[in-house]
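Observations on the three-dimensional arrangement
The residues making up each chain are set out below.
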Amino acid sequence: MLWVHTLQTRDHNGVLAMTRLKIPIVYTIVLAVVFVFVTLPNAARGGAIGLPEGAAAVFTNSGQSLGGETGNGVALGDLDGDGDIDAFVANDYSDFGEANQIWINEGGAQGGDEGDFVAGPTLGTEDGNAVALGDLDGDGDLDAVVGVLSPLSGMVWVNQGGAQGGDEGDFAAGDSFGSFGAYAVAVGDVDLDGDLDAFVAGNSNQAWLNNGDGTFSAGPALTFQYSTAIVLADLDDDGWLDAVIGDAADGSNNRVWWNDGNWDPGLGSFTQGDALPAASLVHGAAVANLDDDGRPDIFLATGAQDQIYWNDGSRNFSTAGPLAVSDNSFSLVLGDVDGDGLVDAVVGNVTADPNRVWRNEGGRMFTPIQEFGDEIGQYWARALGLADLNGDGADDLFEVTAAEDRVWFNNMGSPTVIPNEEGWQLQTVDVRGDAGYATSLALDANGYPHISYNRLYIGPDDTVSYLMYARWDGVRWRSETVRADVNADTSLALDSAGNPHIAFRMDNGGTLGYTYWDDANWQMQTVDAVPFPQTLALGSLALDA
């Protein structure tokens, strides 16, 4: 557990602020650096870690009933560039006359409460089945690819706030591609040329390659497989994005398609992997490191019992069979929803089956801990999105149903920090696992602290060390994982824009790494390396003008 001492008071508006000590030249922050210390919980689930005592549920309905759309897909991101998370919902137009809908989070430029949503633009007359967000034209804002019914496969919606010179959050129709109906879409740089490509799955499965400007050309098509789920992820750690495609016919033919990496020159190709059969047809798939072994695993949401395939390395997967509860699952998201450092699953179900939270217990075990949202079958959870919607540091849920869209707040979020009377203030920054090794602290232009540190996960077979970054936003602490497999020692500096730069050690201390945030992603570089058993020592990081 990481603790930080800082001296804070309220300004004339009652706002919590950093302040100077009433002694010449010496500032609170100097003392804050001196008094950083760590305490380590005894177990990964002890004390305050995980679901709080007496808590009835992870998620609570926010009470928002957003529209009456028949939604099919959702993607979450900061569409209008004001610092909070908005929603792009793909809707069914031909049957219900409902265009794709953008929902704007009112917590940023709108000046309302973060986590409350208001209707934004409606887009298109195509039948939207799925949506993915990314900066497709390289101008710094989020664009969208919507998977649609034939005679098209994909429709691009271009955010007008970047190179287009309009308002960020307004969208205009861009490129369209394909001729078969698409029920799932993912974006990622499959050919490693520096831009985001699209991969659509449905009545056929095909990669579409970005020409560098948000327009697309046909890439490799895979052997026919009817699907409503696709995920792009580097499953074999070779640096290339592979594709997981779910079988929506009977569930027996789910597969990994391995990226062959042969894109320069040529279109490249994917090699069909072994089948990953499930108990029933697959509507949802997601990939994450579920057992903290550093390898991404595959979670399949099916029409019966959901199933996990564990990545054992060397392109091999194993399974313990279906999970214990049988649901008619339609959607799936993965994330640490209970704050214990392990990736959990939230599954959206249809018919009269309630949505379900599966808690990751470690040791490749999942336990259902909450059922919610069934309303005697009135709502079918057709799509889920997971992100911090109300700014409290915990991932909330955006649910797209057959009747309306709903927001569920996570009860694990960090409350606003209320200071004690004037004097030293004690704040908890991170309670996940053994957090707080190798801390480094810097202040931004507002006097707000930023911290880099290590967090350990101690498993039954191995120990994984994560490079973490936390920042104080004036109300609460926000933290994120930068990368895994690092060693002790970090050094943090902030550039003139307030973006963090971190030096760290990895590979048993034999490699000096450097990473920085570029307003969109963490960029990684290797500074120096020595052969084992030699090690490097990390001093400190500084930025020039």
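Scroll up to find the structure this text is about.
Residues numbered from 1 in each chain as written. Predicted model: local features only at pLDDT ≥ 70, side-chain atom pairs only at ≥ 80, totals over all residues. Heavy atoms only, no water.

**Observations concerning the overall build of the protein**
Counted only if it meets this: Helix numbers and strand numbers start at the N terminus; a helix is a DSSP run of H or I with at least 4 residues, a strand a run of E with at least 2. Exposed residues in this analysis have more than 50% of their type's maximum accessible area, buried residues have under 20%, and partly exposed residues fall in between, with area computed by a 1.4 Å probe over protein chains only. Exposure was quantified through the Shrake-Rupley algorithm and a 1.4 Å probe, taking into account, for residues, occlusion by the shown protein chains and nothing else.
Counting its secondary structure elements, the protein contains one helix and 41 strands. Buried residues in the protein amount to 54% of all 545 residues. With an accessible surface of roughly 22200 Å², the protein has 49% of that area assigned to carbon and sulfur atoms.

**Let's talk about the nonpolar core**
Basically, it comes down to this: Residue types Ala, Val, Leu, Ile, Met, Phe, Trp, Tyr and Cys, when buried and joined through side-chain atoms within 4.5 Å, form a set referred to as a nonpolar core. Here, residues are in contact when the closest pair of their heavy atoms is within 4.5 Å.
One finds Phe199, Ile230 and Phe270 to be the most contacted residues of the largest nonpolar core, which totals 16 residues. Sorting the residues of this core by element identifies strand S13 (182-188), strand S14 (197-202), strand S15 (205-210), strand S17 (229-233) and strand S18 (242-246) as the ones contributing at least two each. When near neighbours in sequence (up to four residues on either side) are disregarded, Ile230 contacts Ala184, Val185, Ala186, Phe199, Ala201, Val244 and Ile245.

**A closer look at the packing of aromatic side chains**
The cut-off we apply is this: Under the pairing criterion, centres of Phe, Tyr and Trp rings, with the six-membered ring standing for Trp, must be within 6.5 Å; the plane angle then separates stacked pairs below 30 degrees from edge-to-face pairs above 60, leaving the rest tilted.
Per the counting criterion, the structure on display carries 15 aromatic pairs. Geometrically, the ring pair formed by Tyr183 and Tyr226 is edge-to-face, given 5.9 Å between the ring centres and 80° between the ring planes. Of the two residues, Tyr183 is situated in strand S13 and Tyr226 in the loop between strand S16 (216-221) and S17; the sequence distance between them amounts to 43 residues. Since its relative accessible area comes to 26%, Tyr183 is described here as partly exposed. The interplanar angle of 80° and the centroid separation of 5.6 Å between the aromatic rings of Phe199 and Phe270 together place this pair among those described as edge-to-face. Of this pair, Phe199 sits in strand S14 while Phe270 sits in strand S20 (residues 270-275), and the two are 71 residues apart along the sequence.

**What about unusual backbone geometry?**
What is expected of a backbone is that most residues other than glycine have negative phi and most peptide bonds are trans. The omega angle of the peptide bond from Asp264 to Pro265 is 0°, so this bond is cis rather than trans. Looking at the element boundaries, Pro265 is found in the loop between strand S19 (255-259) and S20. The omega angle of the peptide bond from Phe532 to Pro533 is 10°, so this bond is cis rather than trans. Residue placement: Pro533 occurs in the segment after strand S41 (522-529).

**What to know about the pairing of strand S5 (residues 71-77)**
Our working definition: Two strands are counted as paired when DSSP detects at least two bridges linking them.
Judged by how many residues are buried, S5 sits mostly within the fold: six of seven residues are covered. Here S5 pairs with strand S6 (residues 86-91) via six bridges, running antiparallel. Bridging across to S6, Ala75 finds its partner in Phe88.

**Describing the environment of Asp519**
Position of Asp519 relative to the elements: it lies in the loop between strand S40 (511-517) and S41. When the C-alpha positions of Asp519 and Gly140 are compared, they lie 8.7 Å apart, and in sequence the two are 379 residues distant.

**Considering the pattern of salt bridges**
Two side chains carrying opposite charge are able to pair once their charged atoms lie near each other. We count it as follows: Between Lys or Arg on one side and Asp or Glu on the other, a salt bridge is scored when a side-chain nitrogen of the former is within 4 Å of a carboxyl oxygen of the latter.
Scanning the entire structure with this criterion turns up 10 salt bridges. The partner of Arg295 in a salt bridge is Asp293, with the nearest N and O atoms 3.1 Å apart. Look at Arg295 and you get partly exposed, because its relative accessible area is 31%. Residues Arg505 and Asp489 are paired through a salt bridge, measuring 3.0 Å at the closest nitrogen-oxygen approach. Taken together, the positions of Arg505 in strand S39 (residues 500-506) and Asp489 in strand S38 (residues 486-494) put the pair 16 residues apart, joining distant regions of the chain. When its relative accessible area of 28% is taken as the criterion, Asp489 is described as partly exposed. Each member of the salt-bridge network shares a partner with another, and the members are Asp291, Asp312 and Arg364.

**Let's talk about the pairing of strand S29 (residues 365-372)**
Here strand S28 (residues 355-362) runs beside S29; their pairing, made up of seven bridges, is antiparallel. By the bridge assignment for S29, Arg359 is matched with Thr367. Where S28 folds back onto S29 in an antiparallel hairpin, the turn is made up of two residues, including Gly363, whose phi is positive at roughly 65°.

**Quick notes on the sheet that holds strand S7 (residues 100-105)**
Selection criterion: Angles shown run from 0 to 180 degrees and are taken between the N-to-C directions of axes, each axis being a line fitted to C-alpha atoms and, for helices, limited to the stretch in contact.
In space, the four strands of this open sheet follow the order S5-S6-S7-S8, with antiparallel pairing throughout. Where the open sheet ends on each side, the last strands, each with one partner, are S5 and strand S8 (117-123). Shown here is a sheet whose adjacent strand axes are inclined to one another by a mean of 20°, direction ignored.

**Brief notes about the environment of Phe330**
Along the chain, the position of Phe330 falls in strand S26 (residues 329-335). Judged by its relative accessible area of 22%, Phe330 falls in the partly exposed class. The spacing of Phe330 and Leu281 is 49 residues in sequence and 9.9 Å in space, taken between C-alpha atoms. What Phe330 contacts, discounting residues up to four positions off in sequence, is His283, Gly284, Gly348, Asn349, Val350, Ala381 and Arg382.

**Notes on the side chain of Asp338**
Applicable threshold: In protein, a polar contact means a hydrogen-donor-capable atom and an acceptor-capable atom, both N or O and within 3.5 Å, with residues adjacent in sequence counting only if both atoms are side-chain atoms; elsewhere, any N or O pair within 3.5 Å suffices.
With respect to the element layout, Asp338 can be found in the loop between S26 and strand S27 (344-349). For Asp338, a relative accessible area of 0% translates into the label buried. Of note is the side chain of Asp338, whose polar atom sits 3.2 Å from the side chain of Arg359.

**Section: the sheet that holds S26**
Judged by pairing direction, the sheet is antiparallel, and its four strands sit side by side in the order S26-S27-S28-S29 without closing on themselves. At either end of the open sheet lies a strand with only one pairing partner, and these are S26 and S29. Within the sheet, the average angular offset between the axes of one strand and its neighbour, ignoring direction, is 25°.

**Brief notes about the environment of Ala109**
Position of Ala109 among the secondary structure elements: in the loop between S7 and S8. Along the primary structure Ala109 and Gly81 are separated by 28 residues, whereas in three dimensions their C-alpha atoms are 8.8 Å apart.

**Overview of the side chain of Ser440**
Following the sequence through the fold, Ser440 ends up in strand S34 (residues 434-443). For Ser440, the residues in contact, after removing those within four places along its chain, are His450, Ile451, Ser452, Thr490, Ser491 and Leu492.

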